[in-house]
Amino acid sequence: MGLVGHSRGGDAVSNVPQLLAETPIAGLQVVSVFAVAPTDFHDVVVRDTNLAVLLPSCDGDVSNLMGHRHYDRSVGSFDGVEQAQVLYVGANHNFFNSLWAAQGDESDPQRPEYLTPPEQRRIGEAYLSAFT
């Protein structure tokens, strides 16, 4: 199974492989984690599981991009898994979600480098599809 999570959900799904290693559930195995704009409150290391972290460069909510530490702590120490991190230039925290983005479905005219919600979701979907 693959898990995808956004923001605190990205932090949560990154913790699942370790939790299952400590308390296995018969027939349940996580083979990939895709964390979108994750927070980092649990110092997670994703072991023996494919990992991708997608960071929006214009993240106004997790402004220090703390989610990069998921990748930094996990990268290179495990054989046989894919690990990737992408800094998505022009993306913000909330436009990955179609419900939050509905409040303002246009880019900021004062910041033309920002992507529109549909643009951001299309590219986010492409990264997710390629990874999974």
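(A) Spatial organisation of the sheet that holds strand S2 (residues 32-36). With respect to topology, 4 strands assemble into an open sheet ordered S1-S2-S3-S4, the strand pairing being parallel. Two strands lie at the open edges of the sheet, namely strand S1 (2-6) and strand S4 (83-88), each paired on one side alone. Strand after strand, the sheet turns through a mean of 10° between neighbouring axes, direction not considered. Two elements, S2 and strand S3 (residues 50-56), share 5 bridges in a ladder whose sense is parallel. Directly across from Val36, in S3, lies its bridge partner Leu54. Here helix H1 (residues 8-22) sits on the sheet and contacts S1 and S2; the angle it forms with S1, its principal contact strand, is near 150°.

(B) Expanded view of the pattern of salt bridges. The final tally for this structure, using the stated rule, is 3 salt bridges. The partner of Arg69 in a salt bridge is Asp40, with the nearest N and O atoms 2.8 Å apart. Placement of Arg69 in helix H2 (residues 68-74) and of Asp40 in the loop between S2 and S3 is noted, with a sequence separation of 29 residues between them. Between Arg73 and Asp40 there is a salt bridge, with its nearest N and O atoms 2.6 Å apart. Taken together, the residues Arg73 in helix H2 and Asp40 in the loop between S2 and S3 connect sequence positions 33 residues apart. If you follow the salt bridges from partner to partner, you end up with Asp40, Asp43, Arg69 and Arg73 in one network.

(C) Broad picture of the packing of aromatic side chains. Inspection of every chain in the model, using the stated rule, returns 3 aromatic pairs. Relative to Phe96, the ring of Tyr88 lies with its centre 6.0 Å away and its plane at 55°, an arrangement referred to as tilted. Of the two residues examined, Tyr88 and Phe96, each falls in the buried class. Among the aromatic residues, those joined into a cluster by ring pairs are Tyr88, Phe96 and Tyr127.

About the cut-offs
Residues numbered from 1 in each chain as written. Predicted model: local features only at pLDDT ≥ 70, side-chain atom pairs only at ≥ 80, totals over all residues. Heavy atoms only, no water. Pairing = 2+ DSSP bridges. Helix = DSSP H or I, 4+ residues; strand = E, 2+ residues; numbered from the N terminus. Axes fitted to C-alpha atoms, helices over the stretch in contact; angles between N-to-C directions. Contact = heavy atoms within 4.5 Å. Salt bridge = Lys/Arg side-chain N within 4 Å of Asp/Glu carboxyl O. Phe/Tyr/Trp six-rings, centres within 6.5 Å; stacked < 30°, edge-to-face > 60°. Buried < 20%, exposed > 50% of the residue type's maximum accessible area, 1.4 Å probe, protein only.

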